[in-house]
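Each chain, letter by letter, is given below.
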Amino acid sequence: MKAVPATKVARQAAVVRILGENAVRSQAELAAQLAKRGIHTTQATLSRDLVELGAQKIRRADGTFAYHVPTDAPEPQDHQTANLRLARLASELVVSADYSGNLLVLHTTPGAAEYLGRALDSALGVAALGTVAGDDTTVTVMRSSEFASDICARILAGLPPIT
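Rules of the game
Residues numbered from 1 in each chain as written. Predicted model: local features only at pLDDT ≥ 70, side-chain atom pairs only at ≥ 80, totals over all residues. Heavy atoms only, no water. Core = buried A, V, L, I, M, F, W, Y, C linked by side-chain atoms within 4.5 Å. Buried < 20%, exposed > 50% of the residue type's maximum accessible area, 1.4 Å probe, protein only. Helix = DSSP H or I, 4+ residues; strand = E, 2+ residues; numbered from the N terminus. Contact = heavy atoms within 4.5 Å. Arc of directions from axis to C-beta. Polar contact = N/O pair within 3.5 Å; in protein donor to acceptor, adjacent residues only side chain to side chain. Pairing = 2+ DSSP bridges. Expected span 1.5 Å × (residues − 1). Axes fitted to C-alpha atoms, helices over the stretch in contact; angles between N-to-C directions. Parallel < 35°, antiparallel > 145°, perpendicular 65-115°, else oblique. Left-handed = near helix turned anticlockwise from the far one by under 90°. Nonpolar A, V, L, I, M, F, W, Y, C, P; charged D, E, K, R; others polar.

Asker: Honestly, the nonpolar core in this entry has me stumped. Any pointers?
Answerer: Generally speaking, nonpolar side chains in soluble globular proteins are found buried as a group. Within the largest apolar cluster, 24 residues are counted, with the highest numbers of intra-cluster contacts made by Leu 86, Val 94, Leu 106, Leu 116, Leu 124, Met 142 and Ile 151. Taken together, the elements giving at least two residues each to this core come down to α4 (79-93), β3 (94-100), β4 (103-108), α5 (113-124) and α6 (145-156). Sort the elements by how many residues they give to this core and α5 lands first, with six residues. Excluding anything up to four places from it in sequence, Ile 151 contacts Leu 104, Leu 124, Met 142, Pro 161 and Ile 162. Membership of the second largest hydrophobic core comes to 13 residues, among which are Ala 14, Val 24, Leu 46 and Leu 50.

Asker: How do you make sense of helix α2 (residues 27-36) when you look at a structure like this?
Answerer: Side chains that are three or four residues apart share a direction in an α-helix, a result of its 3.6 residues per turn. Residues of α2 that are buried include every one of Gln 27, Leu 30 and Leu 34, and no others. Axial view of α2: buried residues confined to an arc of 60°, hence all on one face. Exposed and oriented more than 90 degrees from the buried face of α2 are Ala 28 and Lys 36. Buried-residue contacts for α2 involve α1 (8-21), α3 (43-52) and β2 (65-68). At the C-terminal side of α2, Gly 38 shows a positive phi close to 85°.

Asker: What is the right way to look at the side chain of Thr 131 in this model?
Answerer: Looking at the element boundaries, Thr 131 is found in strand β5 (residues 128-133). A relative accessible area of 17% means that Thr 131 is categorised as buried. Among the polar contacts made by the side chain of Thr 131, one reaches the side chain of Asp 121 at a distance of 2.7 Å. A distance of 3.0 Å separates the side chain of Thr 131 from the side chain of Thr 140, its partner in a polar contact.

Asker: Teacher, can you tell me more about the pairing of β2 here?
Answerer: Note on strand geometry: in a regular strand, side chains alternate between the two faces of the sheet. Pairing between strand β1 (residues 56-59) and β2: four bridges, direction antiparallel. Its bridge partner being in β2, Lys 57 is matched across the sheet by Tyr 67. As consecutive antiparallel partners, β1 and β2 are separated by five residues, and within that stretch Gly 63 has a phi angle of approximately 90°, a positive value.

Asker: Explanation requested: α6 in the structure shown.
Answerer: Here α6 spans 16 Å end to end across twelve residues, near enough to the 16 Å set by a 1.5 Å rise per residue. Looking only at α6, the buried set comprises Ala 148, Ile 151, Cys 152, Arg 154 and Ile 155. Considered in projection along α6, the buried side chains sweep an arc of 165° and stay on one side of the axis. In α6, those exposed residues whose orientation departs by more than 90 degrees from the buried face are Glu 146 and Leu 156.

Asker: Help me out: how do you make sense of the packing of α4 against α5 in this one?
Answerer: Two numbers describe a pair of packed helices, the interaxial angle and the distance between the axes. Interhelical geometry of α4 versus α5 gives an angle of 150° and a closest axis separation of 8 Å. Judged on the interaxial angle alone, α5 and α4 are roughly antiparallel. The handedness of the crossing between α4 and α5 comes out as left-handed. Of the residues in α5, those touching α4 at His 79, Ala 82, Asn 83, Arg 85, Leu 86, Leu 89, Ala 90 and Leu 93 are Tyr 115, Leu 116, Ala 119, Leu 120, Ser 122, Ala 123 and Leu 124. Classifying every residue of the contact of α4 with α5 gives eleven nonpolar, three polar and one charged.

Set out below in structure tokens:
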């Protein structure tokens, strides 16, 4: 067995590798997979690692939930790329969209809201104050009701949210 350094970076790299190769349904399963590779960790450390890696539980094609680490490029730096990424994710993940005043509410497939929320924050920039994401719902506080209305309509039409 290959020796793995006892560092956070090595442990997190192993987590990413394991999640990419296996359908891991729980932290206990992940801890067991790590232990097979000679990496022993506590549940609290593993939980922090999953948060830092942006891992989320998503519904797989067979209906089960498994951890997933997004493999997209890191958060896009330029506005156009972030906007196109949000348009793509919205078309794949958004089940319904609505707004009330300056609040934009998007419902997603189960487990996808946090992932979409990160894309919203990245693409909307100063048009939004921030996004809160649950399991299947995001709420974005927009700077104005006009922004909320416009972005909601564009998402529902399958267009990039910001022109």
